[in-house]
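The chain contents come next:
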Amino acid sequence: MHSNHLLLEEPIRMATILEPSKPNFFPAMTKIVGTLGPRSRSVEVISDCLKTGMSVARFDFSWGDADSHQETLENLKTAIKSTTKLCAVMLDTVGAEMQVVNKRETSITLKAEDKVTLTPDQGQEATSAVLPINFAGLAKAVKKGDTIFVGQYLFTGSETTSVWLEVGGVDEVKGNDVVCVTKNSATLAGSLFTLHASQIRIDLPTLSEKDKEVISTWGVKNKIDFLSLSYTRHAEDVREARDFLSKHGDLSQTQIFAKIENVEGLTHFDEILQEADGIILSRGNLGIDLPPEKVFLFQKSAVYKCNMAGKPAVVTRVVDSMTDNLRPTRAEATDVANAVLDGCDAILLGAETLRGLYPVETISTVGKICAEAEKVFNQDQYFKRTVKFVGEPMTHLESIASSAVRAALKVKASVIICFTSSGRAARLIAKYRPTMPVLSVVIPRLKTNQLKWSFSGAFEARQSLVVRGLFPLLADPRHPAESTNATNESVLKVALDHGKASGVIKSHDRVVVCQKVGDASVVKIIELEE
Ligand SMILES: Nc1ncnc2c1ncn2[C@@H]1O[C@H](COP(=O)(O)OP(=O)(O)O)[C@@H](O)[C@H]1O
Ligand SMILES: C=C(OP(=O)(O)O)C(=O)O
Ligand SMILES: [K+]
Ligand SMILES: [Mg+2]
């Protein structure tokens, strides 16, 4: 992989573009989050998704009930066991999402220039003249000329099932109803339609009552690794969610990924990033809230800020057209590569895996594009920029982490092995974007919550599955966290054996190891014999 590293900033021979890539033991360093749903819930399909490279499964509670999501999760567990591929679980909230209430799930045809009334009266039937919605405050939030978008859940933008509406005049806002003019003809079809009013403050809580209920039941039961906090608009939203999680046992360890889905979230990005464990650039919704010509600017600056903060950045909605097609458009294929070059950690697939015809092929295609882009990622420039940003004096751990990456590059190591308990050291290494994989060896710690003793480590290992370049390995709890030379050596041997078995480490390879010896953090370079 790193042996045939090209630099885009240098003239490359065009013919080298066509050279087939060497197969890797893993599909890509960039991670893939797959939304599981009707097309991706059998053990067979999920197993194939895992084998192809999905490392986080997203359960989106905007649709479906807890029982069906539970069934899918049980299938995921079976698939994890049989494939021996690790996968983290992400619960995605409904949040401040406006939805059309269409109980009978009939399809509704709307014609351009016709009028349609949005009403909070959920007792009414959805027809081409009236669309009942789940939010009473719309009439107060919008004004004449505002734009409202209605699309199928996980709308791709290219289907014919979404409409743009324009809010009519003052006289057209009647009580809580909003009369709009339809701007294009379309047939709304699908099980759920979501509504998006452009650049408007929607006075709905970020954690809805349903979200709280789902987190405290489904979330607790399944010890979710990540909470994907839809429509995060302020840092306070993250603090409230954190506070809620902390009252639910194991969920105090759940990481919160703030989803930036509208201009309000974008405006408060810096403070949200400080509070959150990671960011999801929710380009589906944000992409219709922002003028199209501004979307890339948000992406580039948000990913940069996440990188400098050492927090994972997840980009959504990359290959919508693969929902119904085996090949992405050239624009989409280029977009995936650009997200990797921008520095993202993971790609989140929505409709493609949830209801698409080719969930496995999509993961495979996206993984291959990511791997190609990683080969030309300008690591040198990135590394220097990051060191400069951090400034001096660095914390000891940051200095150790960046030195490990530098040493690994200089000696052309095939992997970096990092011992960690909290996951902090491994994340810091990943922050410097080494070109080689990082095996993060998570050493369990014995902990107590006053009621019982248990081992830490499982959350920490799974949570690294969203970080670019990190490949976790959960050490046997019999290896105590208090490192002595003897335990360090025996754990290192396990990690090396694992690396050799999976093909990432070969004889005579150099390996950089980051570990504590006594009280001192050290970076050592070892050269393997046979
Ligand atoms: N059990 C362990 N054995 C050896 N070294 C460790 C262990 N846990 C962490 N380290 C090393 O200690 C330093 C601090 O890492 P960090 O991930 O912050 O550890 P912790 O989670 O224990 O605070 C790093 O150099 C890391 O590689
Ligand atoms: C992933 C997104 O959100 P949702 O949870 O609605 O799919 C998005 O808007 O890109
Ligand atoms: K959602
Ligand atoms: Mg969204």
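Keep in mind the model is a prediction, meaning the values are calculated, not measured. (Residues numbered from 1 in each chain as written. Chains lettered and ligands numbered in written order. Predicted model: local features only at pLDDT ≥ 70, side-chain atom pairs only at ≥ 80, totals over all residues. Heavy atoms only, no water.)

1. Here we look at the coordination of the potassium ion (ligand 3)
Within the protein, the atoms that donate to the potassium ion (ligand 3) are D60 (OD), S62 (OG), D92 (OD) and T93 (O), at distances of 2.6 to 2.8 Å. Written as a sequence motif, the donor arrangement for the potassium ion (ligand 3) is D-x1-S-x29-D-T. A separation of 5.8 Å is found between the potassium ion (ligand 3) and the magnesium ion (ligand 4). Of this pair, D60 sits in strand β2 (residues 54-60) while D92 sits in strand β3 (residues 88-92), and the two are 32 residues apart along the sequence. Assigned by exposure class, D60 and D92 land together as buried. (Donors = N, O, S within 2.8 Å, 3.2 Å for Na, K, Ca; no water. Helix = DSSP H or I, 4+ residues; strand = E, 2+ residues; numbered from the N terminus. Buried < 20%, exposed > 50% of the residue type's maximum accessible area, 1.4 Å probe, protein only.)

2. As for the side chain of R433
Relative to the helices and strands, R433 resides in the loop between α16 (424-431) and β20 (438-442). Assessed through its relative accessible area of 5%, R433 is described here as buried. Of the polar contacts made by the side chain of R433, one reaches the side chain of D345; its length is 3.0 Å. If we ignore the near neighbours within four places in the chain, the residues touching R433 are N307, G343, C344, D345, F377, Q379, Y382 and R468. (Polar contact = N/O pair within 3.5 Å; in protein donor to acceptor, adjacent residues only side chain to side chain. Contact = heavy atoms within 4.5 Å.)

3. Examining the sheet that holds strand β24 (residues 510-517)
Sheets are built from strands that pair by backbone hydrogen bonding, the pairs being arranged parallel or antiparallel. The sheet built from five strands is open, its strands ordered β23-β20-β19-β24-β25 with mixed pairing. Looking at strand neighbours, the two that pair on one side only are β23 (470-474) and β25 (520-527), the edges of this open sheet. When the angles between neighbouring strand axes are averaged without regard to direction, this sheet yields 20 degrees. Inspection of the sheet shows strand β19 (residues 415-420) paired to β24 by four bridges, in the parallel sense. From the neighbouring strand, V415 faces β24, where its bridge partner is V511. Set on the sheet, α16 makes contact with β19, β20, β23 and β24; between it and β19 the angle comes to about 150 degrees. (Pairing = 2+ DSSP bridges. Axes fitted to C-alpha atoms, helices over the stretch in contact; angles between N-to-C directions.)

4. Regarding the packing of aromatic side chains
Under the definition given, this model contains ten aromatic pairs. The interplanar angle of 55 degrees and the centroid separation of 5.2 Å between the aromatic rings of F59 and W218 together place this pair among those described as tilted. Within this pair, whereas F59 is found in strand β2, its partner W218 is found in helix α5 (residues 209-221), the two being separated by 159 residues in sequence. Its relative accessible area of 0% is what places F59 among the buried residues. (Phe/Tyr/Trp six-rings, centres within 6.5 Å; stacked < 30°, edge-to-face > 60°.)

5. Concerning helix α2 (residues 43-52)
The complete set of buried residues in α2 reads I46, S47, C49, L50 and T52. Buried residues along α2 sit in contact with β2, α3 (66-83) and α13 (359-376). Of the residues one or two after α2, G53 is the one with positive phi, at around 130 degrees.

6. What about the packing of α2 against α3?
Running from amino to carboxyl end, α2 crosses α3 at an angle of 55 degrees, the nearest separation of the two axes being 8 Å. Judged by the angle between their axes, α2 and α3 are oblique. As α2 packs across α3, the resulting crossing turns out to be right-handed. For the pair α2 and α3, the contacting residues are V43, I46, S47, L50 and K51 in the first and T72, N75, L76, T78, A79, I80, S82 and T83 in the second. Classifying every residue of the contact of α2 with α3 gives six nonpolar, six polar and one charged. (Parallel < 35°, antiparallel > 145°, perpendicular 65-115°, else oblique. Left-handed = near helix turned anticlockwise from the far one by under 90°. Nonpolar A, V, L, I, M, F, W, Y, C, P; charged D, E, K, R; others polar.)

Treat this as a map of the structure, not an account of what it does.
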